[in-house]
Amino acid sequence: MSTHFSEQELLRRQKLTELKALGIDPYPADEFKVNANAADIKENYERDKLNYKDITIAGRLMSIRDMGKACFAVIQDATGRLQIYVRKDDICPGEDKTLYDTVWKKLIDIGDIIGVEGYVFTTKTGEISLHVTSLKILSKALKPLPIVKTDDSGNSFDEVSDPEFRYRQRYVDLIINPQVRDTFKKRTQIINSIRTTLNNAGLLEVETPILQSIPGGATARPFITHHNALNMPLYLRVANELYLKRLIVGGFEGVYEFAKDFRNEGMDRTHNPEFTVLEFYVAYKDYNWMMTFSEQLLEKVALDLYGTTVVTLGDKQIDFKTPFKRVTMFESIKEHTGIDIGKMNEEELRNVCKQLNIHVEASMGKGKLIDEIFGAKCEGNYIQPTFITDYPVEMSPLTKKHRTVEGLVERFELMINGKEIANAYSELNDPIDQRERFEEQLKLQERGDDEAMFIDHDFLRALEYGMPPTAGIGIGIDRLTMLLTNNAAIQEVLFFPQMRPELKPEAQEAN
RNA sequence: GAUUCCGUAGCUCAGCCGGUAGAGCAUUACACUUUUAAUGUAAGGGUCCUGGGUUCGAAUCCCAGCGGGAUCACCA
């Protein structure tokens, strides 16, 4: 039974027994009251020394430097790391030296969570530290923690960089890699910044169904599940667009939702089966207004996060300073291919694709062909934030027709670092036009496009009651976070990215 | 889904023209009451991802599977 434990794991289980034999509960139930944290002590001790004489903090033991009758150790709490100084005669002032000789030196390990009390001082090498006068074990760790050492210059040694280890055991990753923790704090800061802006603009945060009987609002393959009581299929949403628009019909003039969406498609470093999109809709606005509003929203996020609009991404600098560049899709294609596709029909577009060596399928319509050209020749060129505007009607079934140009719709996508970050429309609110667009999608479906949209009759009914002219947008929160935290993989900005199950999960050992 | 690389101690890795395994950190023991990648001495620790094959003999060569990375395709 115990044969699958490593030497170190067996030893730690023995220590657990020895602690109990000494009358020490390795997992005490009572509250442990702290009155400081690592960051607070390091920031404020120098100018307020009198207030750091009676300090209690708790955290995980990260390293120990044993000097015999005294030890230096490092503990880590949610705010950072702090050196502690544990001296035999200070934690064991009397005859009984058990706490130091046995409990501290033999039974407590790196990775254990402990609480310590003492006073702050500065060592002769100048490091602010806590001189411990008493200590208590709060949770014994039974698995050894991978040790990452860092020198004074910040160089890491034996850093755990194996993505499989880090994603499967994110809890360990978060303990030992401070920059990972920082990325996730920034993710929350990004969301908080956006939420504040939207709330200040008077929008209402709402929740809409994740389980949908018609997976609408985007063209993507859905996950399907089954509801037992209703005995019917249900889909995990691929978007929440149609529900948010129903709320605009209902009279809310601005709604938003940070939505987990689900798409049953390939996985790679920019795609996870579940991902987060912010969608928001504002009544009586159009896509021009939305460009201005969204660029300000993003500039504010950069400022809130870094105090500057310029963000470093790999070897690039991305500048979120408003206003962002605006280019129509046809201008963009003309600029990057030299070809003016403005007046072309499907056949001519097909020839252009052939000429440019772009792979096309017979099922692709005019809109899809244009999208292919843009994707292959233009998209990657937009490193700085750029709005691409005025898309072909065929690929935008939920978007209002362009007010002046035939065949186009009032849509923009925001490109940053060669990737789509946001997608927005003047929302289609003409119920008859919307019905026809859905029917076009149906034809695409019959032609073999398995991603074409389903018709949502209840959504059409809602539009028939009248939806005000509305601007709407979807912003990929994971990708935005990648941009703003200098990460190249979506897995780095999701706590628990999707992984294949482990062959022999340790979690099943107990069974 | 395709191609390609990788899977050795708790962690980071070496070993690979085939002779059943090594280092550093971690662990254990001893020394050291202001160290900081602490140091010094000694010790223990491994189904070399799994399953087949070739061979007297496989961590090493071959095949298949599982898991991961990268690139490509699809997509956000």
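Here's a quick rundown of the structure. It should be emphasised that the depicted structure is a prediction, and the values quoted were computed from it without experimental measurement.

### Some details on the layout of surface pockets
Considering only enclosed or pocket space, the second largest pocket measures out at about 640 Å³ in volume. Along the wall of the second largest pocket there are 20 residues; nearest its centre are Ser63, Arg65, Val74, Arg81 and Thr150. Listed by contribution, the elements that provide at least two residues to the lining of the second largest pocket are strand 1 (55-66), strand 3 (80-87) and strand 6 (149-150). Top contributing element to the lining of the second largest pocket by residue count: strand 1, with four residues. Classifying every residue of the lining of the second largest pocket by side-chain character gives 10 nonpolar, three polar and seven charged.

### Regarding the sheet that holds strand 16 (residues 325-328)
Taking strand neighbours across the sheet as the criterion, the eight strands line up as 8-12-13-20-19-18-17-16 in an open arrangement whose pairing is mixed. The open sheet has two free edges, formed respectively by strand 8 (204-205) and strand 16, since each of these has just one partner strand. Across the sheet, helix 7 (residues 178-200) touches strand 8, strand 12 (254-262) and strand 13 (274-283), and the angle it forms with strand 12 is around 150 degrees.

### Re the protein's contact with RNA strand B
In the vicinity of RNA strand B, 58 residues are found, and the nearest of them are Arg87, Asp89, Thr125, His271 and Arg479. Per the 4 Å cut-off to the protein, sugar and phosphate atoms form 58% of the nearby atoms of RNA strand B. One of the side-chain nitrogen or oxygen atoms of Glu7 is found 2.4 Å away from a base nitrogen of RNA strand B. Here a sugar or linking oxygen of RNA strand B sits 2.8 Å away from a polar atom, N or O, in the side chain of Arg168. Contributions of two or more residues to the surface near RNA strand B are made by helix 1 (7-21), strand 1, strand 2 (70-77), strand 3, strand 6 and helix 5 (163-168). Per-class residue counts for the surface near RNA strand B are 18 nonpolar, 11 polar and 29 charged.

### What to know about the packing of helix 13 (residues 431-446) against helix 14 (residues 457-464)
The geometry of a pair of packed helices is captured by two quantities: the angle between their axes and the separation between those axes. Helix 14 packs onto helix 13 with a crossing angle of 160 degrees between their chain directions and a minimal axis gap of 9 Å. With respect to helix 14, the element helix 13 is oriented roughly antiparallel. The two elements helix 13 and helix 14 cross, and the hand of that crossing is right-handed. Each of Pro431, Gln434, Arg435 and Phe438 in helix 13 lies in contact with helix 14, whose residues at this interface are His457, Phe459, Leu460, Leu463 and Glu464. For the contact of helix 13 with helix 14, a count of residues per class yields five nonpolar, two polar and two charged.

### Topic: unusual backbone geometry
Following Thr322, the chain continues to Pro323 via a peptide bond in cis, the omega torsion being -5 degrees. The backbone of Asp390 sits at a positive phi, close to 65 degrees, despite the residue not being glycine. With respect to the helices and strands, the residue Asp390 is situated in strand 17 (residues 386-392).

### Details of the sheet that holds strand 2
The five strands lie next to each other as 1-2-3-5-4, forming a closed barrel whose pairing is mixed. Neighbouring strand axes in the sheet, compared pairwise and without regard to direction, differ in orientation by 55 degrees on average. Both strand 3 and strand 5 (residues 128-139) contribute to a ladder of four bridges, which runs parallel. Each bridged residue has a counterpart across the sheet, and for Tyr85 the counterpart in strand 5 is His131.

### So, the pattern of salt bridges
Tallied over the entire structure, the rule returns 39 salt bridges. Between Asp112 and Lys140 there is a salt bridge, and its shortest N-O distance comes to 2.7 Å. You can see Asp112 sitting in the loop between helix 4 (98-107) and strand 4 (113-122) and its partner Lys140 sitting in the loop between strand 5 and strand 6, a full 28 residues away along the chain. Take Asp112 and Lys140: they sit in the same class, and that class is buried. Within this structure, Arg12, Lys15, Asp109, Asp112 and Lys140 form a network of salt bridges that share partners.

Rules behind the numbers
Residues numbered from 1 in each chain as written. Chains lettered and ligands numbered in written order. Predicted model: local features only at pLDDT ≥ 70, side-chain atom pairs only at ≥ 80, totals over all residues. Heavy atoms only, no water. 1 Å grid on protein atoms, 1.4 Å probe; cavity = no way out; pocket = protein on both sides within 12 Å on 5 of 7 lines; lining within 4 Å. Points joined across faces, edges and corners; volume = space filled by probe spheres on them. Helix = DSSP H or I, 4+ residues; strand = E, 2+ residues; numbered from the N terminus. Nonpolar A, V, L, I, M, F, W, Y, C, P; charged D, E, K, R; others polar. Pairing = 2+ DSSP bridges. Contact = heavy atoms within 4.5 Å. Axes fitted to C-alpha atoms, helices over the stretch in contact; angles between N-to-C directions. Near = heavy atom within 4 Å. Polar contact = N/O pair within 3.5 Å; in protein donor to acceptor, adjacent residues only side chain to side chain. Parallel < 35°, antiparallel > 145°, perpendicular 65-115°, else oblique. Left-handed = near helix turned anticlockwise from the far one by under 90°. Salt bridge = Lys/Arg side-chain N within 4 Å of Asp/Glu carboxyl O. Buried < 20%, exposed > 50% of the residue type's maximum accessible area, 1.4 Å probe, protein only.

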